Amino acid sequence: MIMKKKKKILIIISVIFAILVFLIVGGSYYIGLQVFEGSTQLVTPEDTSEVSDGFWKTYNMTPDELKNNYQITDIKIASTFDGHTIPGEYISAGIDHSQLVILIHGLGGNRYTNYPLAKYFLEKGSDVITFDQRSSNENTAERTTYGVWEKYDVIDLINYARELYPDIRIGLWGTSFGGATAIQAAVYNNTQDTLDFIILDCPLGNAEYMITQELEKMNTGIPTDYMLWLGDIITKQKLGFSFADANAIEKAKDIHIPTLVINSEADELTPYFMGKDIYENISSDSKSIFTVTDSKHACIWEDHTDEYKSRMDDFLK
């Protein structure tokens, strides 16, 4: 009788333990899935399809200004990575086609928010490609991946330009999230060997930092490190890369071509340390950094236009 009672108690304990394990594993998977979804779908094409009138007033230009002064060719090429369409524009400065800058917008932007910088480069005689990053405006590719997958679109556009003009010199300009994309593209398979330079404006350096900040704002009571770890596992399972793979600061160690970093001590979204750490990690002997003290994220061009232009003039010489 005693043995039967012990056996029954063991069965009950085993069942309770199994239920607890199921709840813990299931709950952990759910948490990881939510972190994954929240960190890899940061914007949608619908969110980023418009550019406000205030934007054009801020930069003292109109949406049609470039169209009225330069030849613009629509780009729609198939990604060699996953087949989605890469939408963009090739804007010709003239008939020379000796130089090209590929402009990479930040999170929440689209190819038109690059127009103020496009105008600068076009006036310098350089052709421009501006395009929609993944899950932005007309680019319907799912998932935003901190440059890890976005880099393939940049590389496809580099190859597209070289097919048009084999001897063209190419540089990259990327802002914020686009800065991370520029770094990822440059160091992948020695792509930078075909590039002249990189310009990084308020670049995103560490995806883990950005995700951690967002998780802490949620104040769930669950340890942030645990949620990050779960999200990392799900991301690796579903997309094949980890958050560590999206660390542009580490990737910058492999950059050996001329690079200009632009950042602000007042930037709260991609803090000053990110640009500084990227700059210090770059292995190129030809690198420079331009830091302001007062601009909010990605507002340096707006706040310090003349000095921004002067620093880029000096760098591009």
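Note that the structure is predicted; figures quoted are calculated from it, not measured. (Residues numbered from 1 in each chain as written. Predicted model: local features only at pLDDT ≥ 70, side-chain atom pairs only at ≥ 80, totals over all residues. Heavy atoms only, no water.)

### A look at a nonpolar patch on the surface
Okay, step 1: Residues Tyr226, Trp229 and Ile233 make up a contiguous nonpolar surface patch of about 300 Å² in total accessible area.
Okay, step 2: Along the chain, the position of Ile233 falls in helix α8 (residues 224–239).
Okay, step 3: Judged by its relative accessible area of 39%, Ile233 falls in the partly exposed class. (Patch = residues over 30% accessible without salt bridge, like charges linked within 9 Å, V, L, I, M, F, W, Y side chains within 5 Å. Areas by Shrake-Rupley, 256 points an atom, 1.4 Å probe, with all protein chains shown as cover. Salt bridge = Lys/Arg side-chain N within 4 Å of Asp/Glu carboxyl O. Helix = DSSP H or I, 4+ residues; strand = E, 2+ residues; numbered from the N terminus. Buried < 20%, exposed > 50% of the residue type's maximum accessible area, 1.4 Å probe, protein only.)

### Quick notes on the environment of Ala248
Okay, step 1: Locating Ala248 in the fold gives a position in helix α9 (residues 248–251).
Okay, step 2: Judged by its relative accessible area of 1%, Ala248 falls in the buried class.
Okay, step 3: For Ala248 and Lys124, which are 124 residues apart along the polypeptide, the C-alpha to C-alpha distance reads 29 Å.
Okay, step 4: Those residues within four positions of Ala248 in sequence are excluded, and the remaining contacts are Ala180, Ile183, Leu204, Gly205 and Ile278. (Contact = heavy atoms within 4.5 Å.)

### Quick word on the environment of Asn281
Okay, step 1: Of note, Asn281 is situated in helix α10 (residues 272–281).
Okay, step 2: Distance in space between the C-alpha atoms of Asn281 and Lys253 is 4.8 Å, their sequence separation being 28 residues.
Okay, step 3: A distance of 2.8 Å separates a polar atom in the side chain of Asn281 from the backbone oxygen of Ile249. (Polar contact = N/O pair within 3.5 Å; in protein donor to acceptor, adjacent residues only side chain to side chain.)

### A short note on unusual backbone geometry
Okay, step 1: Phi angles above zero are rare outside glycine, and Asn60 is one such case at about 55 degrees.
Okay, step 2: Counting through the fold element by element, Asn60 comes out in the loop between α2 (53–58) and α3 (65–69).
Okay, step 3: By relative accessible area, which is 66% here, Asn60 ends up exposed.
Okay, step 4: We note that Cys202 has phi near 50 degrees; this positive angle belongs to a residue other than glycine.
Okay, step 5: Looking at the secondary structure, you find Cys202 in the loop between β6 (197–201) and α7 (207–218).

### Observations regarding the pairing of strand β4 (residues 127–131)
Okay, step 1: Burial runs high along β4: five of the five residues are buried.
Okay, step 2: Bridge count for strand β3 (residues 99–104) against β4 is four bridges, and the pairing is parallel. Across the sheet, the residue bridging to Val101 is Val128, located in β4.
Okay, step 3: Read as a crossover between parallel neighbours, the route from β3 over helix α4 (residues 115–123) to β4 is right-handed. (Pairing = 2+ DSSP bridges. Right-handed = clockwise from strand over helix to strand, strands pointing away.)

### Overview of the packing of helix α5 (residues 150–164) against helix α6 (residues 177–187)
Okay, step 1: The N-to-C vectors of α5 and α6 enclose an angle of 65 degrees; their axes lie 8 Å apart at closest approach. Regarding the angle of α5 to α6, the classification is roughly perpendicular. Considering how the two elements wind past one another, α5 and α6 form a crossing that is right-handed. Contacts between α5 and α6 involve Glu150, Lys151, Val154 and Ile155 from the former and Phe177, Thr181, Gln184 and Ala185 from the latter.
Okay, step 2: Its residues assigned to classes, the contact of α5 with α6 comprises four nonpolar, two polar and two charged. (Axes fitted to C-alpha atoms, helices over the stretch in contact; angles between N-to-C directions. Parallel < 35°, antiparallel > 145°, perpendicular 65-115°, else oblique. Left-handed = near helix turned anticlockwise from the far one by under 90°. Nonpolar A, V, L, I, M, F, W, Y, C, P; charged D, E, K, R; others polar.)

### Topic: the packing of α7 against α8
Okay, step 1: Interaxial distance between α7 and α8 falls to 10 Å at its minimum, and their mutual angle equals 125 degrees. It follows that α7 is oblique to α8 by the angle criterion. The two elements α7 and α8 cross, and the hand of that crossing is right-handed. Residue-level contacts link Glu208, Ile211, Thr212, Leu215 and Glu216 of α7 to Thr224, Met227 and Leu228 of α8.
Okay, step 2: Split into classes, the residues belonging to the contact of α7 with α8 amount to four nonpolar, two polar and two charged.

### Here we look at the packing of aromatic side chains
Okay, step 1: Tallying each qualifying case throughout the model produces 17 aromatic pairs.
Okay, step 2: Relative to Phe177, the ring of Tyr146 has its centre 5.7 Å away and its plane inclined at 40 degrees; by these criteria the two rings are tilted. With Tyr146 in the loop between β4 and α5 and Phe177 in helix α6, the pair connects residues that are 31 residues apart, well separated along the chain.
Okay, step 3: For the pair Tyr152 and Tyr188, a centre-to-centre distance of 5.4 Å together with 85 degrees between the ring planes defines the contact as edge-to-face. With Tyr152 in helix α5 and Tyr188 in the loop between α6 and β6, this residue pair connects regions lying 36 residues apart in the sequence. (Phe/Tyr/Trp six-rings, centres within 6.5 Å; stacked < 30°, edge-to-face > 60°.)

### Things to note about the nonpolar core
Okay, step 1: Counting 57 residues, the largest nonpolar core has Ile102 and Ile129 as the members making the most contacts within it.
Okay, step 2: Contact partners of Ile102, with chain neighbours within four places excluded, come to Ile129, Phe131, Val154, Leu157, Ile158, Ile170, Gly171, Leu172 and Trp173.
Okay, step 3: In this structure, Phe55, Leu66, Val128 and Leu260 belong to the second largest nonpolar core, which totals 29 residues. (Core = buried A, V, L, I, M, F, W, Y, C linked by side-chain atoms within 4.5 Å.)

### Some details on the pairing of strand β5 (residues 169–175)
Okay, step 1: Within β5, six of the seven residues are buried, which leaves it mostly tucked inside the rest of the structure.
Okay, step 2: The pairing of β3 with β5 spans six bridges and is parallel. Within β5, the position partnered with Gln99 by the bridge is Arg169.
Okay, step 3: As a crossover connection, the stretch from β5 through α6 into β6 is right-handed.

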